[in-house]
Amino acid sequence: MRRIIYQSLASPDMDRAELFRLVYHARVANEERGLSGFLLFADQRFLQVIEGETWKLMATFAKIRRDVRHRAVTVIDERSITAPIFGKWRMRCFDEGGAGMALDAIAAEASGHVPRVVEDAVAAFFGCERAQANLQRLHLV
Ligand SMILES: Cc1cc2nc3c(=O)[nH]c(=O)nc-3n(C[C@H](O)[C@H](O)[C@H](O)COP(=O)(O)O)c2cc1C
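Residues numbered from 1 in each chain as written. Predicted model: local features only at pLDDT ≥ 70, side-chain atom pairs only at ≥ 80, totals over all residues.

Colleague: Could you clarify how one ought to interpret the overall build of the chain in this entry?
Modeller: Helix and strand counts for the chain stand at four helices and five strands. Start at the N end of the chain and walk to the C end: the helices and strands fall as β-α-β-β-α-β-β-α-α. In the chain, buried positions account for 28% of the 141 residues. Relative to all contacts within the chain whose residues are 6 or more apart in sequence, the contacts with residues 24 or more apart total 77%. (Helix = DSSP H or I, 4+ residues; strand = E, 2+ residues; numbered from the N terminus. Buried ≥ 20, exposed ≤ 12 C-beta atoms within 10 Å, placed from the backbone. Contact = placed C-beta atoms within 7 Å.)

Colleague: Quick question: what am I supposed to make of the pairing of strand β4 (residues 70-80) here?
Modeller: In regular strands, side chains alternate between the two faces of the sheet. Within β4, only one of the eleven residues are buried, leaving the element largely exposed. By the bridge criterion, eight bridges tie strand β1 (residues 2-10) to β4 in an arrangement that is antiparallel. Looking at the pairing, I4 lines up with E78 of β4. (Pairing = 2+ DSSP bridges.)

Colleague: Quick question: what am I supposed to make of the site of the ligand here?
Modeller: The full set close to the ligand counts 15 residues, and A26, A29, K63, D67 and R69 are the nearest of them. Among the elements of the structure, α1 (16-33), β3 (45-52) and α2 (54-66) are those that each provide at least two residues to the shell around the ligand. Of the residues forming the shell around the ligand, the biggest block, four residues, is contributed by α1. Residues of the shell around the ligand, tallied by class, amount to eight nonpolar, four polar and three charged. (Near = placed C-beta within 6 Å. Nonpolar A, V, L, I, M, F, W, Y, C, P; charged D, E, K, R; others polar.)

Colleague: Help me understand the pairing of β3, please; the structure alone is not making it clear to me.
Modeller: For β3, the buried fraction is high: seven of the eight residues fall into the buried class. Note that β1 and β3 share eight bridges and pair antiparallel. The partner of L9 across the bridge, within β3, is R45. Judged from the seven bridges that link them, strand β2 (residues 36-42) and β3 form a sheet pairing that is antiparallel. Pairing of F38 across the sheet is with V49, part of β3. Counting the residues that bridge the hairpin from β2 to β3 gives two residues, and of these D43 lies at a positive phi of roughly 50°.

Colleague: How should I be thinking about the sheet that holds β2 in this particular structure?
Modeller: Backbone hydrogen bonds hold the strands of a sheet together, and the pairing may be parallel or antiparallel. Read from one edge of the open sheet, five strands run β4-β1-β3-β2-β5, paired in mixed fashion. Sheet topology places β4 and β5 (92-94) at the edges, where each strand pairs with a single neighbour. Within the sheet, the average angular offset between the axes of one strand and its neighbour, ignoring direction, is 15°. Of the strands in this sheet, β2, β3 and β5 touch α1, which is tilted by about 170° from β2. Packed on one face of the sheet, α2 meets β1, β3 and β4 and runs near 160° to β3. (Axes fitted to C-alpha atoms, helices over the stretch in contact; angles between N-to-C directions.)

Colleague: What is the right way to read the environment of I106 from this model?
Modeller: The residue I106 is located in helix α3 (residues 99-109) in this model. Given 21 C-beta atoms within 10 Å, I106 falls into the buried group. It is 9.5 Å that separates the C-alpha atoms of I106 and I85, two residues lying 21 residues apart in sequence.

Following this line, the structure appears as structure tokens:
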């Protein structure tokens, strides 16, 4: 089995409706292929953790990479795993509204044992978001 963590920039027309459509299809496909993980969407950026049988994961990731709904796909980490951590999540999605809850939900799902690399990637993703939110607030003041 394998796990890939990547970040990307969403296309400008990616909104909540598009996101829900994407996630709906991803869940159906992931259910069929036994893939699992989660997707974060904030500030027109994605962070995805996706895991499963190596060949199924690689085939799906090849499609994801080519998807025009995002660009600048950057792999943060890719490694062999013995078992999926998020096996019950066919592709749990957290968008701007749920951003604050994401780490708690991820930690709960991983029974408190979130791999360091996952935790760091999520923290960096939200850290950046928070920094941008603060900047926006400062400009507004
Ligand atoms: C950010 C992002 C995340 C995606 N995540 C998944 C996913 O977890 N599983 C999946 O099957 N497709 C995912 N897709 C969609 C794929 O790029 C592609 O549209 C899909 O695999 C096509 O499947 P099909 O050829 O079986 O119809 C994602 C696309 C984007 C832009």
